[in-house]
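Chain by chain, the residues run as shown.
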There are 4 protein chains.
Amino acid sequence: MGFDAQRGLVVSNVSVLRAMNFVSDNQYGASPEILAAVAAVGQEPQPSYGDDDVTQRVNSRLCEIFECEVVSFPVINGTAANALALATLVPPHGAIVCHAEAHIAVDECGAPEFYTHGAKLVPVEGSDGKLAPERIEGALRNFQRGVVHHVQPTVISLTQATECGTVYSPAEIKKVSTLARARGLKLHMDGARFANAVVSLGGTPAELTWKAGVDVLSFGATKNGALAAEAVIFFNPKDAGDFEYRRKKSGHLLSKQRFVSVQLEAYLKDELWLTNARRANRLAKLLAQGLAQNSAVEIAHPVSANAVFVRMPDALAAKLRRNGVQFYNWGTRAAGYTLARLMLSFATPEEQVARLIELAR
Amino acid sequence: MGFDAQRGLVVSNVSVLRAMNFVSDNQYGASPEILAAVAAVGQEPQPSYGDDDVTQRVNSRLCEIFECEVVSFPVINGTAANALALATLVPPHGAIVCHAEAHIAVDECGAPEFYTHGAKLVPVEGSDGKLAPERIEGALRNFQRGVVHHVQPTVISLTQATECGTVYSPAEIKKVSTLARARGLKLHMDGARFANAVVSLGGTPAELTWKAGVDVLSFGATKNGALAAEAVIFFNPKDAGDFEYRRKKSGHLLSKQRFVSVQLEAYLKDELWLTNARRANRLAKLLAQGLAQNSAVEIAHPVSANAVFVRMPDALAAKLRRNGVQFYNWGTRAAGYTLARLMLSFATPEEQVARLIELAR
Amino acid sequence: MGFDAQRGLVVSNVSVLRAMNFVSDNQYGASPEILAAVAAVGQEPQPSYGDDDVTQRVNSRLCEIFECEVVSFPVINGTAANALALATLVPPHGAIVCHAEAHIAVDECGAPEFYTHGAKLVPVEGSDGKLAPERIEGALRNFQRGVVHHVQPTVISLTQATECGTVYSPAEIKKVSTLARARGLKLHMDGARFANAVVSLGGTPAELTWKAGVDVLSFGATKNGALAAEAVIFFNPKDAGDFEYRRKKSGHLLSKQRFVSVQLEAYLKDELWLTNARRANRLAKLLAQGLAQNSAVEIAHPVSANAVFVRMPDALAAKLRRNGVQFYNWGTRAAGYTLARLMLSFATPEEQVARLIELAR
Amino acid sequence: MGFDAQRGLVVSNVSVLRAMNFVSDNQYGASPEILAAVAAVGQEPQPSYGDDDVTQRVNSRLCEIFECEVVSFPVINGTAANALALATLVPPHGAIVCHAEAHIAVDECGAPEFYTHGAKLVPVEGSDGKLAPERIEGALRNFQRGVVHHVQPTVISLTQATECGTVYSPAEIKKVSTLARARGLKLHMDGARFANAVVSLGGTPAELTWKAGVDVLSFGATKNGALAAEAVIFFNPKDAGDFEYRRKKSGHLLSKQRFVSVQLEAYLKDELWLTNARRANRLAKLLAQGLAQNSAVEIAHPVSANAVFVRMPDALAAKLRRNGVQFYNWGTRAAGYTLARLMLSFATPEEQVARLIELAR
C-alpha cells in the first residue's frame, strides 16, 4: 500500500498555519498502516505476556530480514531496549564504551546505570558522532583487566544512524567489532534510526549487523512510524540470558503484549520501515541541498540519514523561528552563529521542507 | 456510544469453536472506543514526552472525577504504576506492608524491590484477599521504629478490587488509613481493577480513595478495556516527589506519550470505564449464581467484582476444560477438588457465561 | 595458650559493679590472642588489598580445617559476609529461602536485597529457629520455575547455630541440601556462630558443611573473639564468580586487608575458635541448668550453643534487671511472662553466671 | 608519645634488604599509638553498633577540631566513606562532578554508582589533579536543570590532597563552593589525605572545610596511620539524612564499632594525625629536592603533600627497580620516559629516601 501521501498533505495544510516541526522525528504520530494494524487487534482474547501469535510471527519475520536465527523481544521504546539489552550483557562492575553524545550517555537520565545496577558509561569523543577505534583503544587503556579497583569494560555501544545523522559503513563497524572481539567485549548497536541507516547505506540488515560483528541490536520503530515499539534483537541466542526476567521485573512486559507486536508486524510488512525511512532521508538531502544554496549556511555533518545539522547566523535562525520553524539549538561554537538540528520524519510534509528552504534563502 | 454488543457477539461466535476464555481479564483485546481514539491520533506532530495536550486533558479529567487537585502520570501497565508509585514513597531501607497474595508481592517478579533499590515487602495473610488492621499491626510490631537493623515500614498497599474478587468498603479502607496515619505511613492502592470496585460499591471515586485516606492510586485501565494504560494518581501533589525522573530513568516515559494518554481519555469519556466494569461485574454475578445451582460447587469468596473463585470436584473441572473452558487452577485445598479462578472481562461474550453454567450443571 | 581466665576475672570484678552483660555475644571485646596478633602487624609495608602473605595463609589454613580446596574471602562482619555471598549466587530476579527469624531476614536492614539488587527473601516459619524440609517445599511451591512473573528461588540459607541457640545435625543439613540439589538451588550457611555449632555437635567442620551439601559458608569470628572478621568460604571455587568485584564495589575490600586476616589467623591458631566457643557453650549449659532449678522458669529452646532462651514471670525478669542483669526481651507469648534471651560469650565472666543463677532462684 | 623513630628504624633495616616501598601510603601498617589503642580495648563489653562511649567521644573531638557541631560516622575505609556520603546526598537520577582522575571515578570499581543506585559521575579534566571552576561550569552546561532526560548534578566532589599530591587553597575551595551554592549543589571533599593537606596549607581544619563551603568530608585516617578507619563528617547535621540506614544496609556498621572509633580517637590524640602527615610531607619534599638534582629528572606536579610524581628516563626507572625501589608507573607521556609516582608515608624509613636520592643521582 505504501505511504499515504494524500493524508500527509491534509495534515500539513493544517500544520503550516501553526508550525513547521523539525524538532524531532519522535514528535510525529504514527503511520496509517500501523494505526490500522493496532485497531484491527480488536477485543478478542489471546494469551497474554507475549505468548500470542503475533509476537511469534514478528520473531520469524526478523529472522528472515536478518537472515539468521535471532531471539527478539518487543519493548515500548528505545530507552527500555537499550537499558535492558545492556543490563543483560553488563554486570554491575562492568562498563560500556560509547560516544560522548550517545543517547544512552546523554538522554536517558542514567537508565543504563539503573538497569545494570551501577555499571559505568565510558564516553568517548569522536567527530561526526562516530566512535573511532583508536579513541576506543585509548579509553580502554584506563581500565586494567582483572583489576578489581577498575570497572571492567564489557560492551561497546554504537549508534546507527548516529546522533549527528551520519552512518557507520559495514567496514567501520567491522573495525570496532574486531577490536571488541580481541578484548572479549560485546558489540551493541543502538538502532533507534536503524532503518534510516539501512536505506542510506544500501546494504542488507545482516551486513550492517551480525555480519559486521554486532551482537545485539536495539531495532527502532517508534521514530519511524510506530506508536511505541522497538525490538531487542540478539543475534546469538545465548546472549539473551535472563533478558525475560529483566523485562518483567522492570515492568516492560505488557499483558497485552501483542499491541506492541502488531506495530512491528505492520512496520516490517511490505517494507513500510524502509519506505518511511527512505522518505525521511530523501527530505533530509533535499533540505540540506536547499539550505546550502545560502553561502552563510554551513552543513555541519554529512547528511546520511534524516538529520540536518546547520550552522547559520543567529539572525537567520531567529527569522526561521519567527516564521514557525521549530528546531533544537545544538549548542553554539562561535558567537553570532546558531547550530541547528533539523529532523526529518516519515511524516514531515514535503512542502514544509520547500518552505523552510525558501525562508533560508 | 456504549459497548458494541454486536461486535462482541461476532467475536464470540468464532471463539466458541475454539475456547471460552475465563483465564484473565488481561487476555482480551481493547474496547472499540479506545482503539478508535488511538487510531484518531494520526500522524500529526505534538510535543513529545507528555508535553502534549491530551496528557494535560487527562489530568484535568481525573481532577474532576476524583474531585480534587491530583497529580497524575500515565504509564503502560500496572507493574510500572505500582513499582514507580512505591519507589517514589519508599526509601531503600523502607518496607511495604501488603497482602500475602498481592500482585506486587507475587506476580511482578520483584519489581517493587528493583524500583525501590532493595526495600522489603512484608506479606500479611488475610481472608478473602483483604488486609485486616490487626494483622497489619501484628506485622508492624516486628519492625522497631528508628532501629537501623530493621527496615522501616513506610507504606501499606491495598488492592482494590482484591486478588480474590472482593472489595474494601470505604469504612474498611478508613480503618487501614487511620492505622497508617498513626504510624506515619502512606497508603497506596493498587487499583488494577479499581473500576470494578467503584461499580460494585456504588460510592464515588473520591470516597473510595483520598476521602478514605488513600495517598496514591494505581488507576488501572488495561484489564478493563485499554491496550496498555494506567495512571499513577497522587492525591497530595507533594508526594509525587521525583516520580518523573524515576519514570524516565526506567524507560517508562514514552516519546509519543499521547498514545497512552488518549487511551485514558477514551476510557474516562462517557463513563466507558464504569460501563465496561459494570458489564464484567454483572457477568461475574450471573456466573456465580448459575454455578451455585450445582450443590457440588462452592463459591470460595464473595463475588463483588469480576472474579469468581469456585471449588468444584476435579471431574467437573476436567469436563469444563474438555469443553473448551479456560481458567486458572488456584491451588487445591482438599484432595479431589479444584479451586478455579474464573475471570470476567468487559468483552467476555455473555453466551459463554451461559454455556459455562450449562456445562457445570 | 588458651583462654586467659585471670584477665577474664579482672574484667568481671569491675563489671559486676556496673552490669552483667547477657545482651549479646557481640558486645564483648576481643580475645587477647587476637588483639596481640593485630598489634604485632606493626607498621611494616605489605602489598595491599589482600595480596599480602597473611591472607594467603588464612586460606591455606581454612583448606586444612575444612579438608578441601576452598576459596575464601575475609570481610569485616556477618552482614557483609552474608550479603556478598548471597549476591554472588542470586540474580536480581532470584529468591532466597530462609527462616522467618533469620538474621538476614530480620536484622540486616535489607542488606541482601540491596546487594542482590532486589532479590526477594522468602521467610519460612519453623520451630526452634530451624527450617524444616517440608516447610521449604511448601514455600517453593509458590514460585513456578521459569515463569517470569515469579522470582526464582536460587538459594536456601540456613543459620548454624540458629537464632534460637539450637543446631542442625549433619543429617538435618543433608535433608535440606538434598531438597536444594533436586531443584537446582544452592545452600548457604550463615555461620556467625559456626564455632558454637561445631563444638556442640562434635563433628568435623567438613561434615557440617560441604560433606552435608553446604555450598558457601559465612564463617563467623566476630561474635566469638575477633574485633571484626568473618570469612566467606566457597566450597566449590566456581561459585565464587565475581565475588571480588562485589566486595570491592561495596567498599568491603580493605587496603590494609591483612588487619582482618591476622584476626582470622589468630582465631584459627591453636584451636582458639573452638576453645572460645566451648567456653561460651559450657556457660550456657551451666546457666540453663541453674535457671531450671526454679520451677517457675522454663527453658524455651534446647540449649545447644551459647544462647539460653527462658520464659519467666515478669516479676523475676524485673528483679534480674534491678540487679544489673542485662538481656533482651524476645517478645512475650503469655501475659505475666517474659521471654528472655541470655547470650553467653567467650568472655562472659563465669561468676556472673553463678550470680545470675542465684538471683533467679 | 609521638612517632617511634626507633621502631621505624628497626623495620627499615629489614626492609632495605628486600624492598623500598614507595608504592602507596596504604601499604604501610599502623601507627604504634593506634595499635596500642586497639589492643587496650580488651574484652570488656560495651553497647554495640556505635552506641559505645568511644564513638561519642570521637564525635565530640571532631566538633572541637572543626570548631562546629558536626555529625560524624566512623567507617572502615575511604570507598565506604565516599560512597555512603555521596549516596546520602545524591538521588539515583543525580550526578556527581569530579576530577577525571578522582579516586571515586577511577579506583572504586563504581562504588558511588552502586551506592547511589545508578547516579552518574561526570569526570572533568584539570591540571595537577585539580578541578577548575570554569571546567566545572562547562560540564554543568551539558545537564539542563529540571529536564528529565538528563541526570541532575547534585554534588561536586573535590579531593584534598589531590591524586597528584597537590592541594586546594581555601580560596580555591571557596570558588568551587560558590559555584556549587549558586546552582544548589552540595560540596563533598574526599579527604583520604586530608591531614597532609592541613599541614601543607597551614590553615585550620575549619578553614579548609565548612568555612570554605564544604558540606561533607570523608576524613581519612587509614593512609596516615590507622588500620582501617575514616570518618564521614557532615557539617550541616540535616545533610546526614538516612546515612545510618545506608551504612547498616551496606554492612558498614560494625557490631564492635568501637574498634574503629578507638583508632580515630588515638589518631586525633596529641595531634598524631598532624605529626604523621607532617613527617610524610617532609619526606616528600626531601625526596623531590633530592631527585631534582639530576637534570634528567623532572618533577611533574608541585609537591604539596606526600606524593612525588617524577618524569625520568626509562633507564633510570629500571635501575631504581633493580635496586629494590617499588613504585607505580603513572602512564607515559613521551617515549623513553617513565612517569613514576613515589608515595611517602608516616612510616617510610627516612634512610630509604636518602638511598633513593642517591640511586637517582
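Before any of the text, the structure's been laid out above.
This paragraph deals with the interface of chain D and chain A. Contact with chain D, which involves 19 residues of that partner, is made by 19 residues of chain A. With both sides pooled, the region where chain D packs onto chain A buries about 1,300 Å², and carbon together with sulfur makes up 48% of that total. The largest per-residue losses of area from chain D upon contact with chain A belong to C109(D), E113(D) and K120(D), which jointly make up 36% of the total buried on that side. Where chain D packs against chain A, one counts two salt bridges. Its salt-bridge partner being K120(A), residue E113(D) comes within 2.7 Å of it at the nearest N-O pair. Where the side of chain D that touches chain A is concerned, the elements lending two or more residues are α5 (103–106), α6 (111–115) and β4 (120–124) of chain D. A total of three residues in the side of chain D that touches chain A trace back to one element, the largest contributor, which is α5(D).

This part covers the sheet that holds strand β7 (residues 216–220) of chain C. Residues and elements named next belong to chain C. Judged by pairing direction, the sheet is mixed, and its seven strands sit side by side in the order β2-β8-β7-β6-β5-β3-β4 without closing on themselves. Whereas interior strands pair on both sides, the edge strands pair on one side only; in this sheet they are β2 (71–75) and β4 (120–124). Put simply, the sheet's adjacent strands are angled 20° from each other on average, direction ignored. Taken together, the five bridges between strand β5 (residues 152–159) and strand β6 (residues 186–191) define a ladder with parallel strand orientation. Of the residues in β6, the one forming a bridge with S157 is H188. Contacting β5 and β6, helix α8 (residues 170–182) crosses the sheet at an angle of about 170° to β5.

Tallying the contact residues gives 58 residues for chain B and 58 residues for chain A. Both faces combined, the contact of chain B with chain A buries some 4,700 Å², and carbon together with sulfur accounts for 57% of it. Interface area lost by chain B to chain A is led by Q43(B), F114(B) and K256(B), which between them contribute 18%. One can count zero salt bridges joining chain B with chain A. At the level of secondary structure, the elements contributing two or more residues to the side of chain B that touches chain A comprise α1 (5–18), α2 (32–39), α4 (78–89), α6 (111–115), α10 (243–249) and α11 (258–268) of chain B. Here the side of chain B that touches chain A gets six residues from one element, more than from any other, and that element is α1(B).

This brings us to the relation of the copies chain B and chain A. Mapping chain B onto chain A is achieved by rotating through 180° and translating by 0.0 Å along the same axis, at an RMSD of 0.0 Å. The operation mapping one copy onto its partner corresponds to a two-fold rotation axis. Rotation axis and chain B: the residue whose C-alpha lies nearest the axis is A39(B), separated from it by 3.3 Å. Same-surface contact between copies: 100% of interface residues of chain B are shared with the interface of chain A.

This part takes up the relation of the copies chain D and chain A. Superposing chain D onto chain A requires a rotation of 180° together with a translation of 0.0 Å along the rotation axis, leaving an RMSD of 0.0 Å. Here 100% of the contact residues of chain D are again contact residues in chain A; the copies associate through an equivalent surface.

In this section: the packing of aromatic side chains. Applying the stated rule across the entire model yields 62 aromatic pairs over all chains. A ring pair is formed by Y115(C) and F114(D), whose centres lie 5.6 Å apart and whose planes are at 70°; its orientation type is edge-to-face. Taken together, the positions of Y115(C) in helix α6 (residues 111–115) and F114(D) in helix α6 put the pair across two chains. For the pair Y115(C) and F114(D), one class covers both residues: buried.

Moving on to the environment of P74(C). Residue and element names in this part refer to chain C. Among the structural elements, P74 can be located in strand β2. Exposure remark for P74: the relative accessible area of 4% places this residue in the buried category. The spacing of P74 and T222 is 148 residues in sequence and 12 Å in space, taken between C-alpha atoms.

This part covers the nonpolar core. If you look at the biggest cluster of nonpolar residues, it comprises 125 residues, and the most contacted ones within it are F219(C) and F219(D). In this view, F219(C) contacts L62(C), F66(C), G191(C), F194(C), E230(C), A231(C), I233(C), Y267(C), L268(C) and W273(C); residues no more than four positions away in its chain are not counted. In this structure, L62(A), A180(A), A95(B) and L185(B) belong to the second largest nonpolar core, which totals 124 residues.

What follows concerns unusual backbone geometry. Each neighbour pair has its own omega, and for Q160(A) with A161(A) the value is -10°, a cis peptide bond. Tracing the backbone shows A161(A) in the loop between β5 (152–159) and α8 (170–182). Unusually for a residue other than glycine, D128(A) sits at a positive phi of about 55°. Classification of D128(A) as partly exposed rests on a relative accessible area of 26%. You will see that C109(D), though not glycine, has its phi angle at about 55°, which is positive. If you trace the backbone, C109(D) turns up in the loop between α5 and α6. Here C109(D) falls in the buried class, since its relative accessible area comes to 1%.

Analysis parameters
Residues numbered from 1 in each chain as written. Chains lettered and ligands numbered in written order. Predicted model: local features only at pLDDT ≥ 70, side-chain atom pairs only at ≥ 80, totals over all residues. Heavy atoms only, no water. Contact = heavy atoms within 4.5 Å. Buried area = accessible area lost by both parts, 1.4 Å probe. Salt bridge = Lys/Arg side-chain N within 4 Å of Asp/Glu carboxyl O. Helix = DSSP H or I, 4+ residues; strand = E, 2+ residues; numbered from the N terminus. Pairing = 2+ DSSP bridges. Axes fitted to C-alpha atoms, helices over the stretch in contact; angles between N-to-C directions. Least-squares fit on C-alpha atoms with pLDDT ≥ 70 in both. Phe/Tyr/Trp six-rings, centres within 6.5 Å; stacked < 30°, edge-to-face > 60°. Buried < 20%, exposed > 50% of the residue type's maximum accessible area, 1.4 Å probe, protein only. Core = buried A, V, L, I, M, F, W, Y, C linked by side-chain atoms within 4.5 Å.

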